[in-house]
Amino acid sequence: MKTYDDPQLRARLAADYVSGAMRGGARRRFEGLMAADASLRRQVRSWEDDLYALVWAMPAITPSDRVWRAIRGQIRQKAPDRMRNWGWHGAYLWRWCSATLAVALIAMAVIQPLWLNRTQPVQQVAVLQSEQGQAFLVIRADASGGMYATTLGNLTKMADGHALQLWSMPPGGKPVSLGLVAANGLTRLTLPRGAGSIRKLGISLEPEGGSPTGQPTGPVVMTGDVLLS
């Protein structure tokens with residue numbers, strides 16, 4: 001018999017609900033649980049606050065005409081006859097957009113590092129992007145000094161045999177190393193003592209083991225502003 005008293009299970013279910021990974025009957029059952037559980041409702045609201053900050057931090061991308069044609073085709077195929085003439089203002093469109101947002105959230109790989117240490121409230125989030133605006137890395141930090149770096153895809157090709165070193169980049173000051181980040185997946189880091197207030201992060205390509213000088217020696221391939229949540 002499944003119990004919903006386990007804190008990790010509750011955190012994971014709340015994350016799945018907000019991201020859209022929970023579908024159909026499971027989603028309806030969870031909504032029934034929320035209706036009778038104020039604590040669970042607060043947990044879901046907390047997830048919404050955290051995850052939606054990431055969504056708004058991502059750069060806007062204009063879909064191509066081909067993508068829009070495919071969207072229209074999918075809507076016409078799946079919508080009931082009475083809804084097919086609603087155009088772009090119908091409820092079905094918004095359901096489709098909601099599902100698309102859910103896929104994007106899951107693809108950003110932010111769910112796992114959050115529920116791994118949900119006991120600590122998230123304080124900061126940053127999405128690191130290239131100069132062209134392509135997002136490659138998500139950084140989360142909590143009040144205890146824990147940091148979680150999650151790649152948005154495999155960065156091995158970008159690294160090209162180099163180490164990916166994370167830096168705090170204060171305006172007008174010298175960068176401060178925050179550690180090395182794996183080229184794929186999740187990296188757990190600890191914020192160094194004396195790192196101070198962090199407003200901008202960057203990743204540079206360094207020799208194996210990290211920069212020998214304590215400062216970036218290779219190109220900075222991505223940067224991102226830190227958002228307070």
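Since the model is a prediction, treat every value here as computed from it, not as a measurement.

What counts and how
Residues numbered from 1 in each chain as written. Predicted model: local features only at pLDDT ≥ 70, side-chain atom pairs only at ≥ 80, totals over all residues. Heavy atoms only, no water. Buried < 20%, exposed > 50% of the residue type's maximum accessible area, 1.4 Å probe, protein only. Helix = DSSP H or I, 4+ residues; strand = E, 2+ residues; numbered from the N terminus. Pairing = 2+ DSSP bridges. 1 Å grid on protein atoms, 1.4 Å probe; cavity = no way out; pocket = protein on both sides within 12 Å on 5 of 7 lines; lining within 4 Å. Points joined across faces, edges and corners; volume = space filled by probe spheres on them. Nonpolar A, V, L, I, M, F, W, Y, C, P; charged D, E, K, R; others polar. Phe/Tyr/Trp six-rings, centres within 6.5 Å; stacked < 30°, edge-to-face > 60°. Core = buried A, V, L, I, M, F, W, Y, C linked by side-chain atoms within 4.5 Å.

Participant: I tried to follow the pairing of strand β2 (residues 135-142) on my own but got confused; where do I start?
Facilitator: In the case of a regular strand, side chains alternate between the two sheet surfaces. Most of β2 is tucked away, with eight of its eight residues classed as buried. Both β2 and strand β3 (residues 146-151) contribute to a ladder of five bridges, which runs antiparallel. The partner of Val138 across the bridge, within β3, is Thr150. With antiparallel pairing between neighbouring strands as the criterion, β2 and β3 make up a hairpin whose turn holds three residues, including Gly145 at a positive phi of roughly 95°.

Participant: Whenever I open this one, empty space enclosed by the protein confuses me. Can you help?
Facilitator: Here the idea is plain: a probe the size of a water molecule rolls over the atoms and shows the empty space left. Evaluation of the coordinates by the stated rule reveals two cavities of 30 Å³ or more. Computed from the structure, the largest cavity encloses a volume of approximately 80 Å³. Forming the boundary of the largest cavity are Gln124, Val125, Ala126, Ile139, Ala141, Met147, Leu191, Ile198, Leu201 and Val226. Among the elements of the structure, β1 (122-129) and β2 are those that each provide at least two residues to the lining of the largest cavity. A breakdown of the residues in the lining of the largest cavity according to their chemical character gives nine nonpolar, one polar and no charged.

Participant: So what exactly am I meant to see when it comes to the packing of aromatic side chains here?
Facilitator: The relation between two aromatic rings is expressed through the spacing of the ring centres and the mutual angle of the planes. For the coordinates displayed, the defined rule picks out one aromatic pair. Measuring from centroid to centroid gives 5.2 Å for Tyr17 and Phe30, while their planes differ by 40°, and the two rings are tilted. One end of the pair, Tyr17, is in helix α1 (residues 7-19); the other, Phe30, is in helix α2 (residues 24-35), and 13 residues separate them in sequence. The same class applies to Tyr17 and to Phe30, which are both buried.

Participant: Any chance you could explain the nonpolar core here in plain terms?
Facilitator: If you look at soluble globular proteins, the nonpolar side chains tend to sit buried side by side. By size, the foremost hydrophobic cluster in this structure holds 22 residues, and its most contacted members are Leu128, Ile139, Leu166, Leu201 and Ile203. Those elements that place two or more of their residues in this core are β1, β2, β3, β4 (163-168), β5 (176-181), β7 (200-206) and β8 (220-228). Tyr17, Met22, Met34 and Trp47 belong to the second-largest nonpolar core, a separate cluster that totals twelve residues.

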